[in-house]
Amino acid sequence: MTKIIVVGSGIIGLSSALFLSLSGFRVSLITKNPEEAVSWVAGGMLAPFSEGLEGVLFEFSYRSLKEYPSYVELIREVSGQRIDLWMEGINRVVLKGEEDTLRKARRYIKEGFKAEILTPKANLSDSVDCVIHYAEEGWVDVPMLMDALLFAINKKGVEFITDNIHKVIMEDKKVIRLEGVKNKYEGDFYVFCTGTWTRDLFDLPVFPVKGQALKVKYPHVDRVYYSLISYIIPRSKYVYIGATSEKQNTDLQVSLEGIKTLSENAIRVMPSIGSAQFLSAVVGLRPATPDELPIFDLGENYMLLTGHYRNGILHAPMTVRVLQDYLLKGEKSHYLEYFSPERFKNP
C-alpha cells in the first residue's frame, strides 16, 4: 500500500489526510502543533462573489463553493460530529463610493449567478449605500469543522505525529526524506500543506498576514454581513467579527488597537452591535503570496499546496480534488499550472 506523508494540520492538511485515507492510501500526518493552524480562528465565509474574485481564481473558488455541502456531509458521516453549515447566502454590504463592487455585482448577475441588489435594512448605518445578496454563498463554523476532521482522521487510522519538520532532503524534484526534531521520515509520496511556515522549508514567497477577530454575544444577526471594513458572521453560540489585515506582523498577540479597529468598523456598518457583549478575541497568521493566488507545486513524488491567504477554508474541497485526481487517476489539473510557483521566476 502506498504510504503518503502529509505535513501540516490546517484545513488543507487535515482534509488531504482524510480524503487520501478514504481513497485507500496509508497516511501519516506530521504537525508541530495541531492547534497552531490559522484555520482554527478563520471566519469561515464561502464568499467568492463577496470577495470580488475574478478569472481562474474565481473559477477555482466557485467550483469549491459548489462542492462544500457534499464535502461537509462526508466529514459529518465519517466523524459522527456536528458541523454547522449555512448556505442561505451572504449579504455584501456596499459602502458609499464602492462603485467597483456594484459593477462586479451587475456583471455576476448578467452572467447568470444568483444575486440581487437590495435597499439596506434599518439595522445598517447611513454610510451603507446598498446590499448585494449573493444567494449561492454561505459560511461554516470552522472550529466545528476542524474538530470533526480530527475525529475523522483518527477514526480512519491516520497516523498522527507531532514533530517539527525543519528540513526536506531533496534531489532535483524528488523528496528523499524529511528531517524533524524528533525523527526522520520516509514515504512514497509527500503532501506539504505548510501554510504560513512554507518558507521554513521551501524558497517560495509565502509570507504571514496577521488577522485579529472578535467573538461577541449578539442575537440580532441572521446572516453574514460582509463589507470592505468589517465582516459580521453569526454562529450558533456567538457572532464573529473580523478581521484585521496586518502585513509584516508575526506577533500572535491580540492588541488593543486591533480590538478598537474591529469594534469601530463593525459599529460603522451595524450601529446596534455596539451593545454586544464581548466574549474573546482570536488571532492567526494567513499564508499570503505577492499576487494573492495559491501556490501548487508538483514534483516527482510530492505536491505542495499552500498560499491560500484569505480563502483557505473555501478552497479545501477543490484543493483536495486536485490532489486526489493526480494520485488516483494520474490527472494533472490545469490549476497545477496556473498556480505554479514558476510564475515568480524572472522571465
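Refer to the structure printed above.
Cut-offs used in this document
Residues numbered from 1 in each chain as written. Predicted model: local features only at pLDDT ≥ 70, side-chain atom pairs only at ≥ 80, totals over all residues. Heavy atoms only, no water. Axes fitted to C-alpha atoms, helices over the stretch in contact; angles between N-to-C directions. Helix = DSSP H or I, 4+ residues; strand = E, 2+ residues; numbered from the N terminus. Parallel < 35°, antiparallel > 145°, perpendicular 65-115°, else oblique. Left-handed = near helix turned anticlockwise from the far one by under 90°. Contact = heavy atoms within 4.5 Å. Nonpolar A, V, L, I, M, F, W, Y, C, P; charged D, E, K, R; others polar. Buried < 20%, exposed > 50% of the residue type's maximum accessible area, 1.4 Å probe, protein only. Pairing = 2+ DSSP bridges. Expected span 1.5 Å × (residues − 1). Bend = angle between axes of the 7 residues up to and from the residue.

Caption draft 1: Structural view of the packing of helix H1 (residues 11-22) against helix H6 (residues 312-329). Where H1 meets H6, the closest approach of the two axes is 9 Å, and the angle between their N-to-C directions is 40 degrees. Looking at the two axes, H1 sits oblique to H6. Where H1 crosses over H6, the handedness of that crossing is right-handed. In this structure, H1 contributes Ile 11, Ile 12, Ser 15, Ser 16, Phe 19 and Leu 20 to the contact, and H6 contributes Gly 312, Ile 313, His 315, Ala 316, Thr 319, Val 320, Leu 323, Gln 324 and Leu 327. Considering only residue class, the contact of H1 with H6 consists of nine nonpolar, six polar and no charged.

Caption draft 2: Fine view of the pairing of strand E5 (residues 90-95). Of all six residues making up E5, six are buried, and the element is well covered by its neighbours. Neither face of E5 is open: one carries Ile 90, Arg 92 and Val 94, the other Asn 91, Val 93 and Leu 95, and all of them are buried. In the sheet, E5 pairs with strand E7 (residues 128-134) via six bridges, with the strands oriented antiparallel. If you follow Ile 90 over to E7, its bridge partner there is Tyr 134. Here two bridges tie E5 to strand E15 (residues 225-226), and the two strands are oriented parallel to one another.

Caption draft 3: Summary view of H6. Counted at 1.5 Å a residue, the expected span for H6 with its 18 residues is 26 Å, and the 24 Å between its end C-alpha atoms agrees. Roughly 30 degrees is the biggest bend found in H6, and it falls at Met 318. For H6, the buried fraction is high: 14 of the 18 residues fall into the buried class. Once H6 ends, the next one or two residues include Gly 330, with phi positive near 75 degrees.

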